[in-house]
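Structural description and commentary
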Amino acid sequence: MEEESKGFGAFFSKNFDIISKLFVYHIAMCVFGLVVSIAVEMVAIQFSGDNDITTLSVFTYIAAAFGALVYLGLIYVCMWEKGASDRIKIVGGRMKENNFKGLLFWLIANSINIFIILNVFILSFIPSAGNVHGVLSIVTMFYNAMYLPELVAMSNITWLYFVVLIPGAVMAMVSYILGIKGFKCIFPEPKSERNRKLK
């Protein structure tokens with residue numbers, strides 16, 4: 001019997017490794033994105049002599065785009081490998097194919113992020129909650145620092161923060177589907193996957 005039929009607790013326990021890996025990747029890329037964006041922006045300010053902190057340099061956007069691509073690449077490899085692993089069970093009749101399973105993994109791993117952004121969205125419509133809204137907006141920027149320049153640009157329209165959830169969600173779902181469908185990984189296959197094929 002599949003873990004899905006045993007409830008969320010069994011599903012989470014069975015897939016804790018992949019969910020925790022997605023969570024760790026997110027935190028690691030937040031730190032990476034924050035460090036890279038700040039460092040590039042400081043260098044850009046030094047060279048340009050422009051101390052206007054309300055706008056970021058084009059170099060910061062480029063550096064952040066690189067960080068975002070690395071983040072999406074990590075999600076791709078992680079979810080493709082999970083899909084390829086599940087494919088063996090699907091072919092063997094031990095698991096039913098579920099094209100939305102990759103998305104579910106991502107949603108659980110990003111539940112804190114989704115909760116924070118949802119609160120930012122709700123509080124944006126409550127004038128008396130301006131201080132809390134401002135704090136949560138800053139938390140959102142740090143928690144999604146791989147998209148920091150984009151979030152800074154959207155800081156006056158905070159309901160758009162939901163946009164930063166789309167790339168990771170789409171990548172998780174698509175790459176998992178590619179894995180279970182047997183498509184070849186566009187990057188060198190993870191070592192664990194190569195070893196599994198040799199067995």
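The structure this text deals with has already been given above.
So, the environment of A44
Within the secondary structure, A44 sits in helix α2 (residues 16-48). Between the alpha carbons of A44 and T60 there is a distance of 8.1 Å; along the sequence they are 16 residues apart.

With respect to the packing of helix α3 (residues 58-91) against helix α4 (residues 101-109)
At their nearest, the axes of α3 and α4 sit 11 Å apart, and the two run at 130 degrees to each other. Viewed along their axes, α3 and α4 adopt a mutual orientation that is oblique. Regarding α3 and α4, the two cross each other, and that crossing is right-handed. On α4, the residues touching Y71, I75, M79, K82 and D86 of α3 are K101, G102, F105 and W106. Per-class residue counts for the contact of α3 with α4 are 5 nonpolar, 1 polar and 3 charged.

Brief notes about empty space enclosed by the protein
Applying the stated criterion to the full structure yields 1 cavity of 30 Å³ or more. In this structure, the largest cavity spans a volume of roughly 40 Å³. In this structure, the largest cavity is lined by H26, Y71, W106, N110, N113, N144, Y147, V164, L165 and G168. Across the lining of the largest cavity, the residue classes break down as 5 nonpolar, 5 polar and no charged.

Observations concerning α4
Helical periodicity: at 3.6 residues per turn, an α-helix aligns residues three or four positions apart in one direction. For α4, the full list of buried residues reads K101, G102, F105, W106, I108 and A109. The arc enclosing the buried residues of α4, seen along the axis, measures out at 165 degrees, which places them on a common side.

Considering the packing of aromatic side chains
In this structure the tally under the stated criterion is 8 aromatic pairs. Where F105 meets Y176, the ring centres are 6.1 Å apart and the plane angle is 80 degrees; that geometry is what we call edge-to-face. Of this pair, F105 sits in helix α4 while Y176 sits in helix α8 (residues 165-180); the two residues are 71 residues apart in sequence, bridging distant segments of the chain. On the basis of relative accessibility, which here comes to 0%, the residue Y176 falls in the buried class. Relative to F162, the ring of F121 lies with its centre 5.5 Å away and its plane at 70 degrees, an arrangement referred to as edge-to-face. Separated by 41 residues along the polypeptide, F121 in helix α5 (residues 111-123) and F162 in the loop between α7 (148-153) and α8 bring together distant segments of the chain. By relative accessible area, F121 is classed as partly exposed at 29%. What makes F162 partly exposed here is its relative accessible area of 29%. One aromatic cluster in this structure is built from F8, F12 and F16.

About the criteria used
- Residues numbered from 1 in each chain as written.
- Predicted model: local features only at pLDDT ≥ 70, side-chain atom pairs only at ≥ 80, totals over all residues.
- Heavy atoms only, no water.
- Helix = DSSP H or I, 4+ residues; strand = E, 2+ residues; numbered from the N terminus.
- Axes fitted to C-alpha atoms, helices over the stretch in contact; angles between N-to-C directions.
- Parallel < 35°, antiparallel > 145°, perpendicular 65-115°, else oblique.
- Left-handed = near helix turned anticlockwise from the far one by under 90°.
- Contact = heavy atoms within 4.5 Å.
- Nonpolar A, V, L, I, M, F, W, Y, C, P; charged D, E, K, R; others polar.
- 1 Å grid on protein atoms, 1.4 Å probe; cavity = no way out; pocket = protein on both sides within 12 Å on 5 of 7 lines; lining within 4 Å.
- Points joined across faces, edges and corners; volume = space filled by probe spheres on them.
- Buried < 20%, exposed > 50% of the residue type's maximum accessible area, 1.4 Å probe, protein only.
- Arc of directions from axis to C-beta.
- Phe/Tyr/Trp six-rings, centres within 6.5 Å; stacked < 30°, edge-to-face > 60°.

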